[in-house]
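Remarks on the overall topology
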Amino acid sequence: MTEHLISLWTSLLSTFGDILPIIGILVGFQVLILRRKIPNLKRVLLGFLLVLLGLALFLEGLERALFPLGKLMAEQLTAPEFLGLSRAEASVSMHWREFVWVYLFALAIGFSTTIAEPSLIAVAIKAHKVSGGTINPWGLRIAVAIGVAIGIALGTYRIVTGTPLQYYVITGYLFVLAQTWFAPRSIIALAYDSGGVTTSTVTVPLVAALGLGLSSSIPGRTPLLDGFGLIAFASLFPIMTVLGYAQLSEGIARRRSGNES
Amino acid sequence: MNTRTLELLRPLLESIKDLLPIVGVITFFQLFVLGQPIPNLLELLWGTLLVVVGLTLFVQGLELGLFPLGENMAWDFAAKGSVLWLLLFAFSLGFGTTVAEPALIAIAEEAAEVAARGGMILDAPDAREAYAEGLRYTVAFSVGLAIVIGVLRILRGWPIQYLIICGYIGVVIMTAFAPKEIIGIAYDSGGVTTSTITVPLVTALGVGLASSIEGRNPMVDGFGLIAFASLTPMIFVMAYGIAL
């Protein structure tokens, strides 16, 4: 029990250390430049305390439960024995289709970690409020999660086949630009944002373990050169799915109103 | 159970719903694909409990603290009317929150290893450290710059897509010239820079600014700050790779 409490305390301290620069900047500008009273100061301070405490508990829990198991799992699923690469003839006839479980794991882990990502929850809450309720927080989060799932699965496929990262990313950019042309204007900024917010606390460590494991198991790949790129995919594809989601829901709404009239 | 306790439990239930998928995925793969029992079940349950409680507190704290604070500061800056101070604030927020970001520190160290193996820098501990440090400051600077550009966009009401297209073109051009080894790291560094506390704060700042300025729509103009913050690091990290 004491061991648990000590590690909880360390986690709290390190979270506090991480947000110290933010607090410093906020307080500095508030006191020196703005010189205005913050309304409901007590509430704001309480909120900050809750965020700090919540984040520390969240990280501590992840480190204790989900990360060790998830990382071990990524290692086991990408181990040469599991992939059947240990047999001498297998490495010759190795084909990208033999990695079905890896792709499925990538898909599932991308989706589920994104649903649990606190910063995406924050943006979804805000978008719901700002849009006056027209953006459904769960709809947005599921659209983003599907994007991350596709991105990470495609990213593992890229590591398996060893194709250059930039071709995928540039194609993705062209796709995003084409979609932007047709998407409703009010969603564009939010969609671009959703690429960056998805990959943080929960997703990055698990996805990094997956990329590292995969690139060190497959002959001809090195973790240092091929292990990167999953995060880039995970921040590109949500832009497309969120734009797609907006187009889809707008299309449905239009058809519905067309039927009524 | 009366309605009041139910009301108190609701945020907790929400968090459980948020975490159900990941627990399900891990359990499924462990039991059915890898065919192994779950090790340390008690530890796992304790950890999951911490995660659920932590997420609940975090979300409550967002609404009480981070969101109101970010929006308030946006209103105060708008009332003060000094663009210079606002931009300085935007830069410090971007730079300050990124430079100490643990994920960035980790990725900078890996990048230094890649560079050392690729022969771009001397394979010695202090050369690597200097490289990692330089990279970290480069990324932090680029995020600061991104928030400044994003805030300027909100003030002027520029459409976001044109700026993003410029950014994409910048990425493509840099990719053509950057050393092969740095590309993967550069592309990834865009995603890892924005932390869990920065995102809500910056989002609230953007939305607050867009609501406080006449003629701006918080939905169209308020979002987009994070988008810049995940684009500029890609360009700057490749520039760093070319320069060294």
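Residues numbered from 1 in each chain as written. Chains lettered and ligands numbered in written order. Predicted model: local features only at pLDDT ≥ 70, side-chain atom pairs only at ≥ 80, totals over all residues. Heavy atoms only, no water.

**Overview of the overall build of chain A**
A tally of helices and strands in chain A yields twelve helices and zero strands. Each helix (α) and strand (β) of chain A, taken in turn from the N terminus, gives the series α-α-α-α-α-α-α-α-α-α-α-α. The buried share among the 261 residues of chain A stands at 56%. Pairs at least 24 residues apart make up 82% of the contacts formed inside chain A by residues separated by at least 6 positions. Accessible surface, chain A as shown: approximately 11500 Å² in total, 67% of it carbon and sulfur. For chain A, the distance from the average site of its 18 positive side-chain charges to the average site of its 13 negative ones is 16 Å. (Helix = DSSP H or I, 4+ residues; strand = E, 2+ residues; numbered from the N terminus. Buried < 20%, exposed > 50% of the residue type's maximum accessible area, 1.4 Å probe, protein only. Contact = heavy atoms within 4.5 Å. Areas by Shrake-Rupley, 256 points an atom, 1.4 Å probe, with all protein chains shown as cover. Lys, Arg positive; Asp, Glu negative; His and termini not counted. Charge placed at Lys NZ, Arg CZ, Asp CG, Glu CD.)

**A closer look at the interface of chain A and chain B**
The partner chain B presents 96 residues to the 94 residues of chain A that form the contact. The largest per-residue losses of area from chain A upon contact with chain B belong to A:Lys126, A:Tyr173 and A:Phe228, which jointly make up 8% of the total buried on that side. Scanning the region where chain A abuts chain B turns up five salt bridges. Taken together, the connections running from chain A to chain B amount to 14 residue pairs in polar contact (both at pLDDT 80 or more). Top element by residues in the side of chain A that touches chain B is helix H2 (residues 41-77) of chain A. It accounts for 23 residues. Classifying every residue of the side of chain A that touches chain B gives 64 nonpolar, 20 polar and ten charged. (Buried area = accessible area lost by both parts, 1.4 Å probe. Salt bridge = Lys/Arg side-chain N within 4 Å of Asp/Glu carboxyl O. Polar contact = N/O pair within 3.5 Å; in protein donor to acceptor, adjacent residues only side chain to side chain. Nonpolar A, V, L, I, M, F, W, Y, C, P; charged D, E, K, R; others polar.)

**As for the packing of helix H8 (residues 165-182) of chain A against helix H7 (residues 180-192) of chain B**
Look at H8(A) against H7(B): their axes get within 10 Å of each other, and the N-to-C directions meet at 40°. The orientation of H8(A) relative to H7(B) falls into the category oblique. From H8(A), A:Leu165, A:Gln166 and A:Val169 reach across to H7(B), where they touch B:Ile183, B:Gly184 and B:Tyr187. Looking at the contact of H8(A) with H7(B) residue by residue, the class counts come to four nonpolar, two polar and no charged. (Axes fitted to C-alpha atoms, helices over the stretch in contact; angles between N-to-C directions. Parallel < 35°, antiparallel > 145°, perpendicular 65-115°, else oblique.)

**As for a nonpolar patch on the surface**
A surface patch of nonpolar side chains, amounting to about 720 Å² of accessible area, comprises A:Phe82, A:Val100, A:Trp101, A:Leu104, A:Leu107, B:Phe28, B:Leu31 and B:Phe32. Counting residues per element, the nonpolar patch draws most heavily on helix H5 (residues 100-115) of chain A, at four residues. Since its relative accessible area comes to 37%, B:Phe28 is described here as partly exposed. (Patch = residues over 30% accessible without salt bridge, like charges linked within 9 Å, V, L, I, M, F, W, Y side chains within 5 Å.)

**So, H2(A)**
Here H2(A) spans 50 Å end to end across 37 residues, near enough to the 54 Å set by a 1.5 Å rise per residue. A bend of about 45° at A:Glu63 is the largest found in H2(A). (Expected span 1.5 Å × (residues − 1). Bend = angle between axes of the 7 residues up to and from the residue.)

**Some remarks on the pattern of salt bridges**
This structure, assessed with the given rule, holds eleven salt bridges over all chains. Among the ionic pairs, A:Arg64 bridges to A:Glu60, the shortest N-O distance being 3.0 Å. Of the two residues, A:Arg64 and A:Glu60 both sit in helix H2, four residues apart, roughly one turn of that helix. The class of A:Glu60 is buried, set by a relative accessible area of 7%. Between B:Arg136 and B:Glu133 there is a salt bridge whose closest N-O contact spans 3.6 Å. Of the two residues, B:Arg136 and B:Glu133 both sit in helix H5 (residues 125-156), three residues apart, roughly one turn of that helix.

**Re the confidence of the model for chain A**
Of the residues in chain A, 93% have a pLDDT of 70 or more, and the chain-wide mean is 86. Mean pLDDT in chain A bottoms out at helix H4 (residues 88-92) of chain A, which sits at 46, and peaks at helix H7 (residues 137-161) of chain A, which reaches 94. (pLDDT = per-residue confidence, 0-100.)

**Here we look at empty space enclosed by the protein**
One pass over the structure, following the stated rule, counts three cavities of 30 Å³ or more. Of the volumes computed, that of the largest cavity is approximately 210 Å³. Residue lining of the largest cavity: 18 residues in total, with A:Ser235, A:Ile239, B:Ser230, B:Leu231 and B:Met234 positioned closest to the centre. Elements with a minimum of two residues in the lining of the largest cavity: H8, helix H9 (185-197) and helix H12 (230-260) of chain A together with helix H6 (160-177), H7 and helix H10 (225-243) of chain B. In terms of residue class, the lining of the largest cavity is made up of twelve nonpolar, six polar and no charged. Taken as a whole, the second largest cavity spans an internal volume of roughly 40 Å³. (1 Å grid on protein atoms, 1.4 Å probe; cavity = no way out; pocket = protein on both sides within 12 Å on 5 of 7 lines; lining within 4 Å. Points joined across faces, edges and corners; volume = space filled by probe spheres on them.)

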